[in-house]
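Tertiary structure, described
Okay, here's what each chain looks like letter by letter:
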Amino acid sequence: MPKDSALRLARPGSDAGIAIGPILFVVAILGILAAAIAAGSGSFTGSSSTEAARTKAAALIQIGQTLKVGADRLIGIGYDADTITIDVTSTVNDSDLFSPSGGGVGIPSVTMANAPSTDAWYYTHLPVTSMGTTATELVAFLPVALNVCDQINVKANAISTSATDSSLAADIGNLANDPSVAAAWPTALGAKMTGCLRGTGTSSGYFFYQVLVLR
């Protein structure tokens, strides 16, 4: 065989190795898609958490309004902030908020609370800034998560400041004991019937509140 013929047989063709280009291109596309999916997944998780907080906030505001309607009904019958009975075990008397012949409202759920298995609704007497006289108001409270608290203030009062801010903090006493003391009330929530504050002192954490009776 002539030398030039042997050289032509041994020399690779001009298109040898060209398949590596498409392979690298596909690998690059797959990498981009994987990064996009990962980023999208994180964004979805964040969005889902925010939407859940908004849903809980809307539900709590509605529950608060329902409790207020029941309290208004009792006021119309002739009871006041001191004679209305709010007790989940007392549901038959005309003075009971949860009695069909009284306030006529159901016992509110704790599923939107920060810790549903241990948290509870509290009903106490506190003076609310720029609301009523110097006498205390009847107020309902429920412990909630911070993100839910912030959404409540956005929806109910157009307040975008986080409840971690000192302007939304107050010493509201010991809610479990209904102290009926003249505790401080956040100026930023003055005259706000519904909202959320950060409790300091004995009752610490974030609390949704609904003013039930003014006086």
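Note that this is a predicted model, so its numbers are computed, not measured. (Residues numbered from 1 in each chain as written. Predicted model: local features only at pLDDT ≥ 70, side-chain atom pairs only at ≥ 80, totals over all residues. Heavy atoms only, no water.)

On to the overall build of the protein. Each helix and strand counted, the protein has 3 helices and 5 strands in total. Along the chain direction, N to C, the helices and strands of the protein fall in the order α-α-β-β-α-β-β-β. Residues classed as buried in the protein amount to 36% of the 215 residues present. Looking at the protein alone, contacts between residues at least 24 apart form 60% of all its contacts between residues at least 6 apart. For the protein, the accessible surface area stands at approximately 11,400 Å², while carbon and sulfur atoms represent 60% of it. (Helix = DSSP H or I, 4+ residues; strand = E, 2+ residues; numbered from the N terminus. Buried < 20%, exposed > 50% of the residue type's maximum accessible area, 1.4 Å probe, protein only. Contact = heavy atoms within 4.5 Å. Areas by Shrake-Rupley, 256 points an atom, 1.4 Å probe, with all protein chains shown as cover.)

The biggest cluster of nonpolar side chains holds 30 residues, and the ones touching the most others in it are Leu60, Leu67, Trp121, Val144, Ile152 and Leu212. Counting only elements with at least two residues in this core, the list comes to α2 (20-77), β2 (137-144), α3 (146-157) and β5 (205-213). A per-element tally of this core places α2 first, with 8 residues. Every residue in contact with Leu60, bar those within four places of it in the chain, is listed here: Met112, Trp121, Leu142, Val144, Val148, Ile152 and Phe208. Core analysis: the next-biggest nonpolar cluster, separate from the first, contains 16 residues, Leu168, Trp185, Phe207 and Val211 among them. (Core = buried A, V, L, I, M, F, W, Y, C linked by side-chain atoms within 4.5 Å.)

In this section: the environment of Thr200. Locating Thr200 in the fold gives a position in strand β4 (residues 194-200). Residues Thr200 and Ala170 lie 30 residues apart in sequence; the distance between their C-alpha atoms is 5.7 Å. Each residue touching Thr200, except ones within four places of it in the same chain, is listed here: Ala169, Ala170, Asp171 and Ile172.

Moving on, we get to the sheet that holds strand β1 (residues 122-126). Taken in spatial order, the 5 strands of this open sheet run β1-β2-β5-β4-β3, and their pairing is mixed. For this open sheet the edge positions go to β1 and β3 (169-171), each flanked by a neighbour on one side alone. Across the sheet, the mean angle separating the axes of adjacent strands is 45° when strand polarity is ignored. In this structure, β1 lies alongside β2, joined through 5 bridges in antiparallel fashion. Residue pairing across strands places Thr124 opposite Val139, the latter belonging to β2. (Pairing = 2+ DSSP bridges. Axes fitted to C-alpha atoms, helices over the stretch in contact; angles between N-to-C directions.)

Along an α-helix, a turn takes 3.6 residues, which lines up residues three or four apart on a common side. Spanning 12 residues, α3 covers 16 Å between terminal C-alpha atoms, matching the ideal 16 Å at 1.5 Å per step. Taken together, the buried positions of α3 are Val148, Cys149, Asp150, Gln151, Ile152, Asn153 and Asn157. The positive-phi residue at the C-terminal boundary of α3 is Ala158, with phi of around 55°. (Expected span 1.5 Å × (residues − 1).)

This part is about unusual backbone geometry. One non-glycine residue, Ser130, adopts positive backbone phi at about 60°. Relative to the elements of secondary structure, Ser130 occurs in the loop between β1 and β2. The exposed category is assigned to Ser130, whose relative accessible area is 62%. Look at Ala191: it is not a glycine, yet its phi comes out positive at around 65°. Residue position: Ala191 is located in the loop between β3 and β4.

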